[in-house]
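Secondary and tertiary structure notes
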Amino acid sequence: MAETPKYKRILLKLSGEALMGQDAFGINRNTIDAIVAEVAQASALGVEMGVVIGGGNIFRGVAPGAAGMDRATADYMGMLATIMNALALQDAMRRAGINARVQSAINVEQVCEPYIRGKAIRYLEEGKIVIFAAGTGNPFFTTDTAAALRGTEIGAEMVLKATKVDGIYTADPNLDSTAKRYETVSFDEVIIKNLKVMDATAFALCRDQKLPITVFSIYKPGAMCRVLMGENEGTRVYY
């Protein structure tokens, strides 16, 4: 394995569901600690890392009561859920000896900093991990779009989308045993074959800004480091 990682700065997209483990909703302590261990290994390589986290694990618990709710109101509730996740992730990183900062796209200054691009970049240059909470700060935009946006703003060389499966397949590998994993796939091919990578807005932004995406499994030990070292891990979406 080469000593130097292939990428200097990346944006990691974590879904809120990734923090649930096998639970129905909420945050599983063992799962978040395992994710932080993977982040710590990647950070130890000297890679500067921003993180965008979703809120599905928390919002799922209140979703039945949100049925029929105004979409903008529901989206703001989801933003608050991402702040809760970001604080939990920051605390788990603190326990692991990682220096992390939370920046929120909506102002909740009693608990975290507001998002300021220049300060975020300075933190990254200082070796701190920056966790971007509250999505874009606007309803009707997903945290996938927030990942594409923040990745572009901080000058990330790649968006790493952490999922439950180890890449993009020709079919659902849980349903089709003959499904094959793509090592690489172009943005155009993803569109033509309707492969589910990110929502359309996020995907279009990454394509237009020439920001490649790698889809990998956050539950596979060492997978993130192998991606960063340029090894054959996950699926790389290129322009």
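Preceding this section is the structure that the text describes.
Described below are features of the structure shown in this document. Everything numeric here is computed off the predicted structure, so don't read it as measured data. (Residues numbered from 1 in each chain as written. Predicted model: local features only at pLDDT ≥ 70, side-chain atom pairs only at ≥ 80, totals over all residues. Heavy atoms only, no water.)

1. Examining the overall build of the protein chain
Check the secondary structure of the protein chain and you find eight helices and nine strands. Its C-alpha radius of gyration of 17 Å places the protein chain within 12% of the 18 Å reference for a compact globule of 239 residues. Once the C-alpha set of the protein chain is aligned to its principal axes, its extents read approximately 45 × 45 × 35 Å. The burial tally for the protein chain puts 50% of its 239 residues in the buried class. Taking the contacts inside the protein chain whose residues are at least 6 apart along the sequence as the reference set, 73% of them involve residues at least 24 apart. Counting every atom, the protein chain has about 11200 Å² of accessible surface; 52% of that belongs to carbon and sulfur. Mean positive and mean negative side-chain charge positions of the protein chain (26 and 26 charges, respectively) differ by 2 Å. (Helix = DSSP H or I, 4+ residues; strand = E, 2+ residues; numbered from the N terminus. Rg over C-alpha atoms; globule rule 2.2 N^0.38 Å. Buried < 20%, exposed > 50% of the residue type's maximum accessible area, 1.4 Å probe, protein only. Contact = heavy atoms within 4.5 Å. Areas by Shrake-Rupley, 256 points an atom, 1.4 Å probe, with all protein chains shown as cover. Lys, Arg positive; Asp, Glu negative; His and termini not counted. Charge placed at Lys NZ, Arg CZ, Asp CG, Glu CD.)

2. What about helix H5 (residues 143-153)?
Counting buried residues in H5 gives eight out of eleven residues, a clear majority hidden from the surface. Residues Thr143, Asp144, Thr145, Ala146, Ala147, Ala148, Arg150 and Gly151 constitute the buried set of H5. Tucked into the core, H5 has its buried residues touching strand E1 (9-14), strand E2 (48-53), helix H3 (71-95), strand E5 (129-133), strand E6 (158-163) and helix H7 (200-208).

3. Describing the packing of helix H1 (residues 29-44) against H3
Here H1 crosses H3 at 65°, and the two axes come no closer than 9 Å. Considering the relative orientation of H1 and H3, their crossing is right-handed. Two secondary-structure elements touch here, H1 through Arg29, Ile32, Asp33, Val36 and Val39 and H3 through Ala88, Leu89, Ala92, Met93 and Arg95. Looking at the contact of H1 with H3 residue by residue, the classes come out as seven nonpolar, no polar and three charged. (Axes fitted to C-alpha atoms, helices over the stretch in contact; angles between N-to-C directions. Left-handed = near helix turned anticlockwise from the far one by under 90°. Nonpolar A, V, L, I, M, F, W, Y, C, P; charged D, E, K, R; others polar.)

4. A word on the pattern of salt bridges
Under the criterion given, the structure shown has 17 salt bridges. The partner of Glu233 in a salt bridge is Lys220, and the shortest N-O contact between them spans 3.1 Å. You can see Glu233 sitting in the loop between helix H8 (223-228) and strand E9 (235-238) and its partner Lys220 sitting in the loop between strand E8 (213-217) and H8, a full 13 residues away along the chain. Classification of Glu233 by relative accessible area gives buried; the value is 8%. A relative accessible area of 32% means that Lys220 is categorised as partly exposed. The shortest N-O distance in the salt bridge between Arg226 and Glu233 comes to 2.8 Å. (Salt bridge = Lys/Arg side-chain N within 4 Å of Asp/Glu carboxyl O.)

5. Examining the nonpolar core
Counting 40 residues, the largest nonpolar core has Leu12, Leu14, Ile131 and Met224 as the members making the most contacts within it. Residue assignment for this core shows that the elements contributing at least two residues are E1, H1, E2, H3, strand E3 (100-104), E5, E6 and H8. For this core, the element with the most residues is H3, which contributes six residues. Those residues within four positions of Leu14 in sequence are excluded, and the remaining contacts are Ile35, Val51, Val52, Ile53, Gly54, Leu89, Ala162 and Ile218. Membership of the second largest hydrophobic core comes to 30 residues, among which are Leu11, Ala120, Val130 and Ile154. (Core = buried A, V, L, I, M, F, W, Y, C linked by side-chain atoms within 4.5 Å.)

Coordinates in, geometry out; function isn't part of it.
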